[in-house]
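Structural overview for review
So the chains spell out like this:
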Amino acid sequence: MNRKVAIVTGSSSGIGLDASVTLAQNGFLTYATMRNLDKSSIVKAAVDKEQLPIKVVQLDVTDDHSVKDAIRDIVSENKRIDVLINNAGFGLVGAFEDFSIDEIKDQYETNVFGLIRVTQAVLPIMREQKSGIIVNISSGAGLFGYPGGSAYVSSKFAIEGLSESISYELDQFGIKVVLIEPGFIKTNFSNAMVIAKKAQDPSSPYSPMMQKIQTSSNEMAKNGSSVDVVSKAILKAVTSERPDLRYLAGKDVETWAANKKTMSDSQFHDMMQGISH
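The structure contained in this document is the topic of the report that follows. (Residues numbered from 1 in each chain as written. Predicted model: local features only at pLDDT ≥ 70, side-chain atom pairs only at ≥ 80, totals over all residues. Heavy atoms only, no water.)

1. With respect to the sheet that holds strand β4 (residues 83-86)
Definition in use: For two strands to pair, DSSP has to find at least two bridges joining them. Strands here are runs of E lasting at least two residues and helices are runs of H or I lasting at least four, both read from the DSSP assignment and numbered beginning at the N terminus. Helix axes are fitted only over the stretch in contact, all axes being lines through C-alpha atoms; the angle between N-to-C directions runs from 0 to 180 degrees. The contact definition used throughout considers only heavy atoms, calling two residues in contact when any of these lie within 4.5 Å.
Pairing is parallel in the open sheet, where seven strands are placed in the order β3-β2-β1-β4-β6-β7-β9. One side of each edge strand has no neighbouring strand; the edge strands of this open sheet are β3 (54-58) and β9 (246-249). Each strand of the sheet is rotated relative to its neighbour by a mean of 20°, with strand direction disregarded. Bridging between strand β7 (residues 175-182) and β9 involves four bridges; their strand directions are parallel. Opposite proline 182, over in β9, you have alanine 249 as the bridge partner. Of the strands in this sheet, β7 and β9 touch helix α8 (residues 251-262), which is tilted by about 120° from β9.

Structure representation (structure tokens):
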């Protein structure tokens, strides 16, 4: 009855799945939420194998009613929410000129507005109980741009700015805000990336560049960190008395972040340009 209650969005696979299991293994009553419950078999298998305190709940971050219903039911069962992990998201790939406005809107609807929906639904509960921690899964892409990533990168930049801003507002209510910034992680995230429709056209003037970016990304993904690097960072944050605002997750993103700080803009530009040339 004294277990802290955690909600994780986008829990059907990857970071969300591993974070849900890790939190449950460490004593949190964890609500693994996902848009499509047909993808819940892996979570349920982990629950059965280890008798973990995980409950699977349908929650579509792009749907107001789905968000409100899920949060209402969780609060009804527990009277509190201690941890929110905003993980749901996807990557949209392509040159900026090749994106349709609807493709960019879809990217923001999940990555940014979805995060906003869930956070605003949870905040009144945390504010009333005068405690809570909100962990937003950002990315190394929230720290710097790269070719082919304008939609995804800008959505993560938005999360970075939003999180830092609300951290000041919520501190007075005992609510902490944390950003986790992974690099390349060995999950199915890369395979699930959405490629802009025009970017798939060989006649696109950006096609040669995008092919080189894809090759470079595949190589970096092969050497990516294991998913538990992110889960460990999340666990460290949610169990700290005074968590940091930002946690890098992965040796690659640590290197890129250090380069971003020490290089001039032109030096960093030349380094990143190497991805597509």
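From this point, the discussion proceeds with the structure in view.
2. As for the side chain of serine 12
The condition that has to hold: Working definition: with a 1.4 Å probe on protein chains only, accessible area under 20% of the residue-type maximum means buried, over 50% means exposed, and in between means partly exposed.
Tracing the sequence through the fold places serine 12 in the loop between β1 (5-8) and α1 (14-25). Accessibility expressed as a relative area gives 18% for serine 12, which makes it buried. The contacts of serine 12, once residues within four sequence positions are left out, are Leu17, Met34, Lys39 and Ile42.

3. Considerations on unusual backbone geometry
A positive phi is found at glutamine 51, a non-glycine position, where the angle reads about 55°. Looking at the secondary structure, you find glutamine 51 in the loop between α2 (41-50) and β3. With a relative accessible area of 67%, glutamine 51 lands in the exposed category. Positive phi outside glycine occurs at lysine 79, with the angle close to 65°. You can see lysine 79 is positioned in the loop between α3 (64-78) and β4.

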